[in-house]
Amino acid sequence: MGETVPEKAQTAIRHGGNLGRARLMFPEAPEPWIDLSTGINPHSYPHSPIPASAFARLPEPDAAEELKGLAAASFGAPSDRHVSLSPGTQMLMPLLAHIAVHRGAKSGAVLSPAYAEHARTARMTGLTVTEVEDISGLAASDYAVVVNPNNPDGRVIDREDLLSLAKTMHRKGGLLVVDEAFIETGGAESLANAADYEALVVLRSFGKFYGMAGVRLGFALARPEIAGELEARLGPWAVSGPALHIAAQALTDKEWQSSMRLRLAEEARRMNGLLEKAGLTIAGGTSLFTLVRDHRAIDLFDHLGRRGILVRVFDERPNDMRFGLPGAEEEWQRLEEALSSF
């Protein structure tokens, strides 16, 4: 094998979940595909039927305000005024970088390896962005980003270290963004109740734990002036009526949340057992994904792809491979058979 990721893998690694590209890469693969390339819960929240009015009418402002209150209570934010809704946290990343630039930020830093969109969207705003491997390297920047727990390796940063960094950023007029997309599944302690800190913004995702990435819903938790600025930049009706309907149920369904955490933890143990049985080295993860580190990663990507199983590989780290969770038992069996024949 060479030192770089082959062209075939490069076309699949920009983001997970692209089955159209996978079919082009592996046209003879059996259907249906098993998509393990994302960290999305395969067991979606069982919401009630969405009323026709949610599609036919513009979203009601009262419904958005209600959801902000439910989100504050669910996440532990100080109040609904500390919550901003968006069509996915992806939309918030460039907006937050723009806010930092408006405040005078010149430099940004991301604790890496991490979700690559944080660095990309920050660079789009004109920030000079560096990627550092230790949290101490973030303090020199004006705009700092930490994913906690981290994607793709599940790394957890201590709450007190993050709050200390937030204070440092405040003293210099900077901004710290903590992305908690996998907080429900990774063992990190949320900073939602610290959203009143001057220089702190906490991002929360709806799509990962609730298994509803297609709904496109995210939250920013921050001081009211920052939350308000985000809402002003997004404009009216940023979140769809169906998303408001589903999330209002999901965020208050404590019984489902508790049982799902247990289920995902058990399935993560099962996944780790399969990977170890196949002779692969586990390098980290959460209960929604496992990171494997092996010099045969690209060969395994190809082996699984030919069997209709898509996993996540990384062009900048060719030995790393991330596995999400299968859904139905048939998918588990297909994965086990594919791994055993590698």
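Residues numbered from 1 in each chain as written. Predicted model: local features only at pLDDT ≥ 70, side-chain atom pairs only at ≥ 80, totals over all residues. Heavy atoms only, no water.

An unreviewed UniProt entry lists the chain under the name threonine-phosphate decarboxylase, from Rhizobium oryzihabitans. Quoted verbatim from the Pathway (unreviewed entry) field of the UniProt record, the comment on the chain reads "Cofactor biosynthesis; adenosylcobalamin biosynthesis." (UniProt positions renumbered as here; feature names shortened; annotations may be inferred.)

A separate point is the sheet that holds strand 6 (residues 175-179). Strand pairing in a sheet relies on backbone hydrogen bonds. The paired strands run either parallel or antiparallel. In space, the seven strands of this open sheet follow the order 2-8-7-6-5-3-4, with mixed pairing throughout. Both edges of this open sheet fall to strand 2 (83-86) and strand 4 (128-132), since each of them pairs with a single strand only. The sheet shows a mean angle of 20° between the axes of neighbouring strands, direction not considered. With five bridges connecting them, strand 5 (residues 143-147) and strand 6 associate as parallel partners. When the sheet's bridge partners are listed, Val147 is paired in strand 6 with Asp179. Relative to strand 2, helix 8 (residues 224-234) is tilted by about 20°, and along the sheet it contacts strand 2, strand 6, strand 7 (200-205) and strand 8 (218-221). (Pairing = 2+ DSSP bridges. Helix = DSSP H or I, 4+ residues; strand = E, 2+ residues; numbered from the N terminus. Axes fitted to C-alpha atoms, helices over the stretch in contact; angles between N-to-C directions. Contact = heavy atoms within 4.5 Å.)

Look at helix 11 (residues 297-305) against helix 12 (residues 329-340): their axes get within 10 Å of each other, and the N-to-C directions meet at 130°. Classed by the angle they form, the pair helix 11 and helix 12 counts as oblique. The two elements helix 11 and helix 12 cross, and the hand of that crossing is right-handed. Contacts from Leu300, His303 and Leu304 of helix 11 reach helix 12 at Leu335, Ala338 and Leu339. Residue classes in the contact of helix 11 with helix 12 are distributed as five nonpolar, one polar and no charged. (Parallel < 35°, antiparallel > 145°, perpendicular 65-115°, else oblique. Left-handed = near helix turned anticlockwise from the far one by under 90°. Nonpolar A, V, L, I, M, F, W, Y, C, P; charged D, E, K, R; others polar.)

Our focus in this paragraph is the sheet that holds strand 10 (residues 289-293). Read across the sheet, four strands follow the order 9-10-13-12 without closing on themselves; strand pairing throughout is antiparallel. Across the chains shown, the open sheet's two edge strands, defined by having one partner strand only, are strand 9 (281-285) and strand 12 (312-314). The mean inter-strand angle of the sheet, taken between neighbouring strand axes irrespective of direction, is 30°. Its contacts with the sheet place helix 10 (residues 254-277) against strand 9, strand 10 and strand 13 (317-324), and it is angled at close to 20° to strand 10. Sheet strands touched by helix 11: strand 12 and strand 13. Its angle to strand 13, the strand with the most contacts, is close to 40°.

With that settled, the discussion passes to the pattern of salt bridges. Tallying each qualifying case throughout the model produces 21 salt bridges. For Asp320, the salt bridge identified is with Arg317, shortest N-O distance 3.1 Å. Several salt bridges converge on common partners, so that one network encompasses Asp196, Glu198, Arg223 and Glu225. (Salt bridge = Lys/Arg side-chain N within 4 Å of Asp/Glu carboxyl O.)

On to helix 8. Every buried residue of helix 8 is listed here: Pro224, Ile226, Ala227 and Leu230. Mapping the buried residues of helix 8 onto a view down its axis gives an arc of 165°, with all of them on the same face. Backbone geometry just after helix 8 places Gly235 at a positive phi near 85°. (Buried < 20%, exposed > 50% of the residue type's maximum accessible area, 1.4 Å probe, protein only. Arc of directions from axis to C-beta.)

Right, let's talk about the side chain of Arg204 for a bit. Locating Arg204 in the fold gives a position in strand 7. Classification of Arg204 by relative accessible area gives buried; the value is 6%. In this structure the side chain of Arg204 is engaged in a polar contact, spanning 3.3 Å, whose partner is the side chain of Ser190. Setting aside residues no more than four positions away along its own chain, Arg204 makes contact with Phe75, Thr89, Glu180, Ile183, Glu184, Ser190, Ala192, Gly218, Phe219 and Leu221. (Polar contact = N/O pair within 3.5 Å; in protein donor to acceptor, adjacent residues only side chain to side chain.)

Right, let's get into the packing of helix 10 against helix 12. The N-to-C vectors of helix 10 and helix 12 enclose an angle of 20°; their axes lie 9 Å apart at closest approach. By the angle between their directions, the pair helix 10 and helix 12 is classed as roughly parallel. Helix-helix and strand crossings are classified by hand; for helix 10 and helix 12 the assignment is right-handed. Packed against helix 10, whose contacting residues are Glu267, Arg270, Met271, Leu274, Leu275 and Lys277, the element helix 12 presents Glu329, Trp332, Gln333, Leu335, Glu336 and Leu339 at the interface. Here the residues of the contact of helix 10 with helix 12 are counted per class, giving six nonpolar, one polar and five charged.

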